[in-house]
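The residues making up each chain are set out below.
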Amino acid sequence: MAAGVRLVVLGKQGAGKGTQCVRLSHRYAVPHISTGDMLRAAVRNKTPLGEQAKVLMDGGSLLPDELVMSIVAERLAERDARTRGFLLDGFPRTVGQAEMLEEELGEHGLDCVINLEVPTELVMNRLVTRRVCEDCGAIYSLSQPPTQPWTCDVCGGSVIQRPDDTADAIMVRLSAYEKETRPLIDFYAERGLLETIDGSQDPDTVFSATVSVITRRKEGSA
Ligand code: ADP
């Protein structure tokens, strides 16, 4: 079996983190750990965490660092993540979370951090036209809908517009990205872990560029 990998994938909303992580998780046989997907599942299942998260999420605001770290730590403790590695999508997204993650994983905890760079005008357009499967998180758009109207090709679930993919919530999320998440670029550059990839290219090109970077990193550390 191919070697695993331990990655953080950074990028603003709509940069393509989810799309690339699905492909990367198959390529390296590692779990795709998306805090957004885990939180949306909690909201759907009406768990106490979901009840607490819903209002903040619908408005596009971030949840408290400790809360999100605790659900990530629980997932990272599972066997697949411990033995093969992981792809972290949507976490960390504050310096506080990145520090907690570093403490959790230790100094050599990550192979690298992929930063998908995409101009804001492009992500705005991607987000307002984005549609997602409520059940498995597969991503579609108005220009690339599922084969059967709004039924997921992968799992048969309902394909919907996310409640936070509205113009107002998108503005809140993008400004939270600038204020809270962009500083992580310097945080990981200072640690020699950052790799920036042009996320405005088509998904196949972004995927092969990402795999090349990971290969180079892993060969470098072998
Ligand atoms: P996006 O990156 O497109 O905003 P996500 O699916 O990653 O969407 O996250 C959806 C929402 O879940 C966020 O707007 C926020 O409310 C919450 N969330 C997800 N990850 C985190 C995190 N690491 N820290 C705080 N809140 C988070």
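Anything mentioned here points back to the structure above.
Residues numbered from 1 in each chain as written. Predicted model: local features only at pLDDT ≥ 70, side-chain atom pairs only at ≥ 80, totals over all residues. Heavy atoms only, no water.

S.K.: Explanation requested: the overall build of the protein in the structure shown.
M.R.: Looking only at helices and strands, the protein has 10 helices and 8 strands in total. For the protein, the C-alpha radius of gyration of 17 Å lies close to 17 Å, the compact-globule estimate for 222 residues. Looking at the 222 residues of the protein, the share that counts as buried comes to 44%. For the protein, the exposed area adds up to about 11,100 Å²; of that, 52% sits on carbon and sulfur atoms. For the protein, the separation between the mean place of its 25 positive charges and that of its 32 negative charges on side chains is 4 Å. (Helix = DSSP H or I, 4+ residues; strand = E, 2+ residues; numbered from the N terminus. Rg over C-alpha atoms; globule rule 2.2 N^0.38 Å. Buried < 20%, exposed > 50% of the residue type's maximum accessible area, 1.4 Å probe, protein only. Areas by Shrake-Rupley, 256 points an atom, 1.4 Å probe, with all protein chains shown as cover. Lys, Arg positive; Asp, Glu negative; His and termini not counted. Charge placed at Lys NZ, Arg CZ, Asp CG, Glu CD.)

S.K.: I tried to follow the nonpolar core on my own but got confused; where do I start?
M.R.: In globular proteins that are soluble, nonpolar side chains generally tend to be buried together. Ranked by internal contacts, the top residues of the largest apolar core, which has 28 residues, are Leu88, Val113 and Tyr188. Elements that contribute at least two residues to this core include exactly β1 (5-11), α3 (48-59), α4 (65-76), β3 (85-89), α6 (95-105) and α9 (183-190). Once you skip the residues sitting within four places of it in the chain, Val113 turns out to touch Val8, Leu10, Tyr188, Leu193, Leu194 and Glu195. Judged by nonpolar contacts, the second largest core, of 23 residues, contains Val9, Cys112, Leu127 and Ile170. (Core = buried A, V, L, I, M, F, W, Y, C linked by side-chain atoms within 4.5 Å. Contact = heavy atoms within 4.5 Å.)

S.K.: Would you mind showing me how to read the side chain of Thr210 here?
M.R.: Locating Thr210 in the fold gives a position in helix α10 (residues 203-221). Residue classification places Thr210 among the buried residues on the basis of a relative accessible area of 2%. Setting aside residues up to four positions removed in sequence, Thr210 forms contacts with Leu24, Ile114 and Ile197.

S.K.: Which parts of the structure should I look at to understand the packing of helix α2 (residues 35-44) against α3?
M.R.: If you want to describe how two helices pack, look at the angle between their axes and the distance between the axes. Contact pair α2 / α3: the axes reach a minimum separation of 8 Å and the direction vectors enclose 115 degrees. For the element pair α2 / α3, the angle class is roughly perpendicular. In this structure, the crossing between α2 and α3 has a hand that is left-handed. Only Leu49, Gly50, Ala53, Lys54 and Met57 of α3 make contact with α2, whose side of the interface consists of Gly36, Leu39, Arg40, Ala42 and Val43. (Axes fitted to C-alpha atoms, helices over the stretch in contact; angles between N-to-C directions. Parallel < 35°, antiparallel > 145°, perpendicular 65-115°, else oblique. Left-handed = near helix turned anticlockwise from the far one by under 90°.)

S.K.: Looking at this model, I keep getting lost on the environment of Met38. Mind explaining?
M.R.: Turning to its location among the elements, Met38 is positioned in helix α2. Take Met38: its relative accessible area is 25%, and that puts it in the partly exposed class. Apart from the residues lying within four places of it in its own chain, the contact partners of Met38 are Ile33, Ile71 and Arg75.

S.K.: Got a minute to help me understand the site of the ligand in this structure?
M.R.: If you check the shell around the ligand, you find 18 residues, and the closest are Thr35, Ser61, Arg93, Gln97 and Arg173. At a separation of 2.7 Å, a nitrogen atom of the ligand approaches a polar side-chain atom of Thr35. Expressed as a share of its isolated accessible area of 550 Å², the protein-covered part of the ligand is 97%. Grouping the amino acids of the shell around the ligand by side-chain chemistry returns 6 nonpolar, 6 polar and 6 charged. (Near = heavy atom within 4 Å. Polar contact = N/O pair within 3.5 Å; in protein donor to acceptor, adjacent residues only side chain to side chain. Nonpolar A, V, L, I, M, F, W, Y, C, P; charged D, E, K, R; others polar.)

S.K.: Whenever I open this one, the packing of aromatic side chains confuses me. Can you help?
M.R.: Centre-to-centre distance and the angle between the planes together describe a pair of aromatic rings. For the coordinates displayed, the defined rule picks out 1 aromatic pair. When the centroid spacing of 5.0 Å and the interplanar angle of 85 degrees are considered together, the rings of Phe187 and Tyr188 count as edge-to-face. A relative accessible area of 7% means that Phe187 is categorised as buried. Residue class for Tyr188 comes out buried when judged on its relative accessible area of 2%. Sitting above the plane of the Phe207 ring, Arg23 keeps its charged end 5.8 Å from the centroid. The residue whose ring lies beneath Arg27 is Tyr28, and the NZ or CZ to ring-centre distance is 5.0 Å. (Phe/Tyr/Trp six-rings, centres within 6.5 Å; stacked < 30°, edge-to-face > 60°. Lys NZ or Arg CZ within 6 Å of the ring centre and 35° of its normal.)

S.K.: Please explain the pairing of strand β4 (residues 112-117) as it appears in this structure.
M.R.: Every other side chain in a regular strand lies on the same face of the sheet, so the side chains alternate between the two faces. The element β4 is largely enclosed, with a buried count of 5 among its 6 residues. In this sheet, strand β8 (residues 194-198) lies alongside β4 in parallel orientation, the contact comprising 5 bridges. Note on β8: the bridge partner recorded for Ile114 is Glu195. (Pairing = 2+ DSSP bridges.)

S.K.: I keep staring at α10 and nothing clicks. Help me out?
M.R.: Given 3.6 residues to a turn, an α-helix orients residues that are three or four positions apart in the same direction. For α10, built from 19 residues, the straight-helix expectation of 27 Å at 1.5 Å per residue is met to within 8% by its first-to-last C-alpha distance of 27 Å. Where α10 is buried, its residues contact β1, α1 (17-28), β4 and β8. Measuring from the backbone nitrogen of Asp204 back to the side-chain oxygen at the start of α10 gives 3.1 Å, which picks out Asp202 as the cap. (Expected span 1.5 Å × (residues − 1).)

This is a description of form; function is not addressed.
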